[in-house]
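# Descriptive structure summary
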Amino acid sequence: MYDEKTDEFLVFWASATQEPQEKERKQKIYSARTKDFRTFSTSEKYIERDNHIIDTTILPSAGCYYRYSKDETTKNIRVEKGDSLDKGAFVTLQAPILEAVAGVEGPQIFKFNNREEWCLIVDRFAEGKGYLPLLTTDLGSGEFRIVPDSDFDMGTTQKRHGSVLPITTDECSRLLAAFGDGHQVLPGQYADPDVAKFEDRYYMYPTTDGFEGWSGTQFKVFSSSDLQHWQDEGVILDLGTEDVPWATGNAWAPAISSRNGKFYFYFCGKMLNGVSAIGVAVADTPIGPFLAESQPLITMEQLKRLGITMGQAIDPSIYVEEDGRPYLLFGNGHAAIVELNENMTSVLEDTMSNLSGLHDFREAVTVLKRGGRYHFTWSCDDTGSENYHVNYGTSEQLYGPITYQYPILSKNVEKGMLGTGHHCIFNDSETDQYRIAYHRFVTPLSRFSSGKGYHREICMDPLLFGKDGLIQPVIL
Ligand code: FUB
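This is a predicted model, so every value here is computed, not measured. (Residues numbered from 1 in each chain as written. Predicted model: local features only at pLDDT ≥ 70, side-chain atom pairs only at ≥ 80, totals over all residues. Heavy atoms only, no water.)

### Brief notes about the environment of Ile 308
Along the chain, Ile 308 falls in the loop between helix 3 (300-305) and strand 22 (317-320). For Ile 308, a relative accessible area of 11% corresponds to the buried category. Placed 150 residues apart in sequence, Ile 308 and Gln 158 show a C-alpha to C-alpha distance of 50 Å. (Helix = DSSP H or I, 4+ residues; strand = E, 2+ residues; numbered from the N terminus. Buried < 20%, exposed > 50% of the residue type's maximum accessible area, 1.4 Å probe, protein only.)

Set out below in structure tokens:
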């Protein structure tokens with residue numbers, strides 16, 4: 001623990017010692033001080049009680065220090081407060097709810113980033129159940145609330161006696177870039193990424209994930225200059241508010257496009273009748289503010305009227321033809337394509353058509369043109385399945401038919417990369433380098449024991465074309 005007053009570190013640990021006046025060994029906490037972790041002051045006894053004591057942790061807050069230690073005789077956690085780190089500075093705080101939790105050890109406490117609330121985690125060693133979280137909004141009160149089992153998830157593997165370092169999203173992004181597995185780029189739970197470069201900055205528009213039944217309502221945008229460090233630019237639309245008059249929730253799978261200095265954000269949402277539709281919102285900058293059109297752009301009712309076969313009207317992606325004409329591709333169960341009007345907020349209905357040849361198609365169809373050929377990619381299987389993957393096909397025409405080639409993105413079980421799909425492909429026109437962004441189940445896989453299909457995270461990898469002009473499968 002860094003001691004601001006003396007500009008040195010207090011190092012402390014538990015030792016069982018027997019002093020001359022003692023009949024047997026007793027657990028006590030000892031300490032030493034250091035400025036450089038090379039030379040240390042002579043160690044001294046820091047905490048001694050009538051009972052055995054081990055596992056002390058200290059939290060500084062508002063000029064005070066809070067000490068949490070395991071009473072090794074009664075097997076519960078005791079709290080003290082001090083106005084300095086000096087050994088004589090601490091007094092006992094009564095914490096009845098915490099003290100009543102027996103059979104625990106290894107306490108660790110941390111503050112939540114965005115609120116005045118702290119979480120104390122204690123290892124339920126006696127029951128062999130790992131950490132139990134307790135919450136408090138007033139460290140000095142000693143009042144804690146036990147979090148019910150149903151309200152927290154520590155993953156399937158038992159977590160015991162570790163430590164928690166609260167970090168911000170930006171810090172997490174920097175850590176991922178420096179020490180990540182080389183695939184994940186965005187911290188937190190997000191899925192269905194769409195990435196575009198506007199001027200000299202990249203922007204990523206994902207689904208906000210982590211909600212049972214994909215019931216999230218918010219869309220966020222992230223920006224980056226290097227595709228590694230992503231800055232959270234905040235919420236751009238919330239379907240849980242009046243932002244989108246026709247939508248009630250299930251904010252899924254957005255896509256972005258720009259035309260004549262305006263930015264067009266396409267997204268899925270459920271209508272009042274519970275049926276998914278695709279909407280569009282417009283902004284003057286890539287990070288908003290976005291203003292949604294009052295009516296959806298694509299509905300199931302409309303598709304039925306136009307004779308288009310489809311399971312759900314979801315998963316938009318935008319393709320702009322060499323002559324500048326914009327197209328919307330979309331669909332679940334069956335895929336379709338339609339030309340957008342110049343205004344980008346309405347479609348030319350008589351250009352709408354189903355796409356054929358997308359082998360095993362489920363959703364998330366995209367297309368790009370390279371070497372005079374159209375390269376179609378789409379997701380297969382269920383997003384909740386570890387086998388969710390991306391298939392690839394080519395065509396001489398934008399409207400198909402498409403010749404199926406092979407899968408280009410599939411799970412790597414050995415590396416714990418499962419459920420890899422719902423991608424976007426983008427390239428840097430200056431370097432002609434293509435990249436694929438996609439989601440996979442949150443790692444480590446043990447973090448969520450169920451609902452992995454709505455606990456997803458975003459990865460990015462290079463996408464290469466072979467000498468034959470075809471996309472090569474991504475090596476995970
Ligand atoms: O994120 C919600 C849904 O899951 C998307 O619309 C699908 O493509 C699948 O990824």
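### Describing the pairing of strand 9 (residues 105-111)
Counted residue by residue, strand 9 has 6 buried out of 7 residues, so it is predominantly covered. Note: strand 9 against strand 10 (residues 118-123), 5 bridges, orientation antiparallel. Residue pairing for strand 10: Gln 108 is matched across the bridge by Ile 121. Between strand 9 and strand 10, which pair antiparallel one after the other, the connecting turn spans 6 residues. (Pairing = 2+ DSSP bridges.)

### Points about the nonpolar core
Counting residues in hydrophobic clusters, the biggest one holds 26 residues, and the most contacted among them are Tyr 68, Leu 98, Ile 109, Leu 120, Val 122, Leu 134 and Leu 139. Among the elements that take part in this core, strand 10 stands out by supplying 5 residues, more than any other. Once residues lying within four places of it in the same chain are set aside, the contact partners of Leu 139 are Leu 59, Ser 61, Tyr 66, Tyr 68, Leu 93, Ile 109 and Trp 118. Counting residues in each nonpolar core, the second largest holds 23 residues, with Phe 198, Val 244, Trp 246 and Ala 277 among its members. (Core = buried A, V, L, I, M, F, W, Y, C linked by side-chain atoms within 4.5 Å. Contact = heavy atoms within 4.5 Å.)

### Quick look at unusual backbone geometry
Cis geometry is found at the peptide bond from Gly 400 to Pro 401, where omega equals 0°. Looking along the chain, the bond that leaves Thr 443 and enters Pro 444 is cis, with omega of -10°. Along the chain, Pro 444 falls in the loop between strand 31 (433-441) and strand 32 (456-463). The phi dihedral of His 161 is positive, around 35°, even though this residue is not glycine. As for its placement among the helices and strands, His 161 is situated in the loop between strand 12 (145-146) and helix 2 (169-179). When its relative accessible area of 43% is taken as the criterion, His 161 is described as partly exposed. Positive phi values are uncommon outside glycine, yet His 422 reaches one of about 35°. In this structure, His 422 sits in strand 30 (residues 421-428).

### Quick look at the sheet that holds strand 10
Spatial strand order, 9-10-11-12: 4 strands in an open sheet with antiparallel pairing. Each edge of the sheet is formed by a strand with only one pairing partner; in this case those strands are strand 9 and strand 12. Here 6 bridges tie strand 10 to strand 11 (residues 131-136), and the two strands are oriented antiparallel to one another. Note that in strand 11 the partner of Leu 120 across the bridge is Leu 134.

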